[in-house]
Amino acid sequence: MSHTKLFIPGPVEVRPEILQAQTAPMIGHRSSDCDALIARVEEKLKQVFMTQHRVYILASSGSGLQEAAMRNGVREGRRVANFVNGAFSLRWHEVAAGCGKQAVRCDLPWGQPVRPADVDAALAGGVWDAITVVHNETSTGATSPVDEIAALLRQKYPDTLLFVDAVSSIAGDWIPTDAWGLDICLCSSQKALAMPPGLAFAAVSDRVLARAQEVTGRGWYFDFLELERYLVKSTTPATPAISLLRAADRQLSDILAEGMPARVARHRRLAEMTQQWALQHGFGLFAAEGHRSQTVTCIENIPGLDYASLSKFLKARGLAISNGYGALKGKTWRIAHMGDVSEKEMQELLDALSEFVKS
Ligand SMILES: *Cc1c(COP(=O)(O)O)cnc(C)c1O
């Protein structure tokens, strides 16, 4: 079967053995086998998220958990600040508004990180239930120092919860949820975890569960208190995505066998290779220096380079990268280097790009 190797920022390549794990026969979701499967997956997720607390597992994409954060973490009449420095942080603001929350949009330049000073300036003098920040803005290739933001909140805004979208960076960058003090850290299965799409995971602090007690209109499917009641028994309120859980069980074991430090270091090397390639071939990098993503590189296009021709050239070689996102389409294009990609595979892609640029 002909196959286009994906270097797009999700879904990413999934190894055959992980795809294969999904083909095992069904089991009942109220069976002890299913409880054991969920317990194994959650235990491994806790290691990947570096948390002692809990990781909820949902049959949804990552955006579902952006909604869950808003429904559980923000009280009626209280405010949430959404820091917007790209398309996915903008989505979180739209989700907050869509949930009927008092959502304040704090715009920052795209390509820049969200810095603690930006957060301090926006929150000063106010009372806020929560803030939302995207750790790794997949649309711009900029990573924000959420550890420093968490430290600022602890020091100056101790009652404000920190909700972090790490959709495209969990398992590709170093994100110790507990050590940094993130209240919600969420991600999707189809990015740096290199699983098929369809699952979403969120590490959730005790502070969020305490807050949820005071929030009305939490809904049902994403109600953390309901999810907690079931997760303590290693089960779920609704039918879980059993086949995807089998893929997760296998892939998380492989991720932990590689080791998180080694996995993160490999992503760093892939990012450096890609950034160097771009700079050596006369391209600019869209994200601010010092804040460039480990998992996706957003390259500024140069005059005369037609992205459609580039994409076609790569397609003929069984390779795919991604155009710029939304307003950045045509102005930038993106190479994802996340998941299980090896340096050799990355070099093959970069060689093909060099060949195109020379022609
Ligand atoms: C892909 C992505 C999302 C959206 O995730 P879905 O799983 O498609 O809902 C949100 N945030 C970031 C940073 C992303 O990269």
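Description of the structure in this document. In this numbering scheme, every chain counts its residues from 1 along its sequence in written order. Under the rules for a predicted model, residues below a pLDDT of 70 receive no local features and side-chain atom pairs below 80 are neither given nor counted, while totals for whole chains, interfaces and linings still include all residues. The side-chain numbers reported here are obtained from all heavy atoms of the structure, hydrogens and water having been left aside.

Regarding the overall build of the chain
Consideration 1: Strands are runs of DSSP state E lasting at least two residues, helices are runs of H or I lasting at least four, and both sets are numbered from the N terminus onward. Regarding its fold elements, the chain presents 13 helices and 15 strands.
Consideration 2: Radius of gyration here uses only the C-alpha atoms, and the compact-globule reference equals 2.2 Å multiplied by the residue count raised to the power 0.38. Taking 2.2 N^0.38 as the reference for a compact globule, 359 residues should give roughly 21 Å; the C-alpha atoms of the chain span a radius of gyration of 20 Å, in line with that estimate.
Consideration 3: Principal-axis analysis of the C-alpha atoms places the extent of the chain at approximately 60 × 55 × 35 Å.
Consideration 4: Counting all 359 residues of the chain, 58% fall into the buried class.
Consideration 5: Throughout, a contact is declared for two residues whenever any of their heavy atoms are within 4.5 Å. Residue pairs at least 24 apart in sequence account for 71% of intrachain contacts in the chain once pairs closer than 6 positions are excluded.
Consideration 6: Note on areas: Shrake-Rupley with a 1.4 Å probe; residue coverage comes only from the protein chains shown. For the chain, the computed accessible surface area is about 14300 Å², with 52% contributed by carbon and sulfur atoms.
Consideration 7: The convention is simple: Lys and Arg are positive, Asp and Glu are negative, and His and the chain ends are not counted. Each charge is placed at NZ for Lys, CZ for Arg, CG for Asp and CD for Glu. For the chain, the distance from the average position of its 38 positive side-chain charges to the average position of its 39 negative side-chain charges is 3 Å. Throughout this description, buried means an accessible area under 20% of the type-specific maximum (1.4 Å probe, protein chains only), exposed means over 50%, and partly exposed covers the range between.

Some words on the site of the ligand
Consideration 1: Any residue with a non-hydrogen atom lying within 4 Å of a molecule or strand is treated as near it. Near the ligand lie 14 residues; those nearest to it are Ser61, Ser63, Thr138, Asp165 and Lys191.
Consideration 2: Contact distances for the ligand include 2.5 Å between an oxygen atom and a side-chain N or O atom of serine 61.
Consideration 3: Serine 188 is positioned such that a nitrogen or oxygen atom in its side chain is 2.7 Å from an oxygen atom of the ligand.
Consideration 4: Secondary structure elements with two or more residues in the shell around the ligand: helix 3 (62-73) and helix 4 (87-98).
Consideration 5: Throughout, the ten residues Ala, Val, Leu, Ile, Met, Phe, Trp, Tyr, Cys and Pro are labelled nonpolar, Asp, Glu, Lys and Arg are labelled charged, and all others, Gly among them, are labelled polar. Grouping the amino acids of the shell around the ligand by side-chain chemistry returns three nonpolar, eight polar and three charged. For the purposes of these results, a polar contact is taken to be a pair of N or O atoms within 3.5 Å, where, inside protein, one atom must be able to donate a hydrogen and its partner to accept one; residues adjacent in sequence count only when each atom of the pair is a side-chain atom.

Comments concerning the side chain of histidine 337
Consideration 1: Here histidine 337 is to be found in the loop between strand 15 (332-336) and helix 13 (343-358).
Consideration 2: At a separation of 3.0 Å, a polar atom in the side chain of histidine 337 contacts the main-chain carbonyl oxygen of glutamine 294.
Consideration 3: A distance of 2.7 Å separates polar atoms of two side chains, one belonging to histidine 337 and the other to threonine 297.
Consideration 4: When near neighbours in sequence (up to four residues on either side) are disregarded, histidine 337 contacts His267, Leu270, Ala271, Thr274, Ser293, Gln294, Thr295, Val296, Thr297 and Met346.

A look at empty space enclosed by the protein
Consideration 1: Only protein atoms enter the calculation, which uses a 1 Å grid: trapped sets of points that fit a 1.4 Å probe without letting it out are cavities, open sets showing protein on both sides within 12 Å along at least five of seven lines are pockets, and any residue with an atom within 4 Å of a point is a lining residue. Grid points are joined across faces, edges and corners, and a volume is the space filled by probe spheres set on the points. Here the structure, examined in full by the defined rule, presents three cavities of 30 Å³ or more.
Consideration 2: Taken as a whole, the largest cavity spans an internal volume of roughly 120 Å³.
Consideration 3: In terms of lining, the largest cavity is formed by 14 residues, of which the most central are Ile57, Leu58, Tyr221, Thr236 and Ala238.
Consideration 4: Looking at the second largest cavity, its volume works out to about 50 Å³.

Some details on the state of the cysteines
Consideration 1: Note on terminology: disulfide denotes any pair of cysteine sulfur atoms within 2.5 Å. Going through the model one piece at a time under the given rule, you end up with zero disulfides.
Consideration 2: Cysteine 34 takes part in no disulfide bond, and the closest cysteine sulfur, belonging to cysteine 187, lies 20 Å away.
Consideration 3: For the unlinked cysteine cysteine 187, the closest cysteine sulfur is that of cysteine 185, found at 7.1 Å.
Consideration 4: Residue cysteine 187 is classed as buried on the basis of its relative accessible area, which comes to 0%.

Some remarks on the packing of helix 12 (residues 307-316) against helix 13
Two quantities define a packed helix pair, namely the angle between the axes and the distance from one axis to the other.
Consideration 1: One way to put it is that helix 12 packs onto helix 13 with a least axis distance of 10 Å and a crossing angle of 130 degrees. As summarised for this structure, helix 12 and helix 13 are arranged oblique, according to the angle between their axes. The two elements helix 12 and helix 13 meet at a crossing, and its hand is right-handed. Residues Ser309, Leu310, Phe313 and Leu314 of helix 12 pack against Leu349, Ala352, Leu353, Glu355 and Phe356 of helix 13.
Consideration 2: Per-class residue counts for the contact of helix 12 with helix 13 are seven nonpolar, one polar and one charged. Lines fitted to C-alpha atoms define the axes, with helix axes restricted to the stretch in contact, and inter-axis angles between N-to-C directions lie between 0 and 180 degrees. Any angle that falls under 35 degrees is termed roughly parallel, while one over 145 is termed roughly antiparallel, one within 65 to 115 roughly perpendicular, and all others oblique. Crossing handedness is defined as follows: a turn of the near helix away from the far one that is anticlockwise and smaller than a right angle gives a left-handed crossing, while the clockwise case is right-handed.

Regarding helix 4
Consideration 1: How far a helix is expected to stretch is found by multiplying one less than its residue total by 1.5 Å. Here helix 4 contains 12 residues, and its C-alpha end-to-end distance of 16 Å stays within 8% of the 16 Å for a straight helix at 1.5 Å per residue.
Consideration 2: Every buried residue of helix 4 is listed here: Ala87, Phe88, Ser89, Leu90, Trp92, His93, Val95 and Ala96.
Consideration 3: Where helix 4 ends, the next residue or the one after it, glycine 100, has phi of about 75 degrees, a positive value.

Looking at unusual backbone geometry
Consideration 1: Here the residue pair glycine 10 and proline 11 is connected by a cis peptide bond, since its omega of -5 degrees sits within 30 degrees of zero.
Consideration 2: Secondary-structure assignment places proline 11 in the loop between strand 1 (5-6) and helix 1 (16-21).
Consideration 3: One non-glycine residue, alanine 171, lies in positive phi territory at about 75 degrees.
Consideration 4: Inspection of the secondary structure puts alanine 171 in the loop between strand 8 (161-165) and helix 7 (177-180).
Consideration 5: One non-glycine residue, serine 234, lies in positive phi territory at about 55 degrees.
Consideration 6: Turning to its location among the elements, serine 234 is positioned in the loop between helix 9 (224-231) and helix 10 (242-258).

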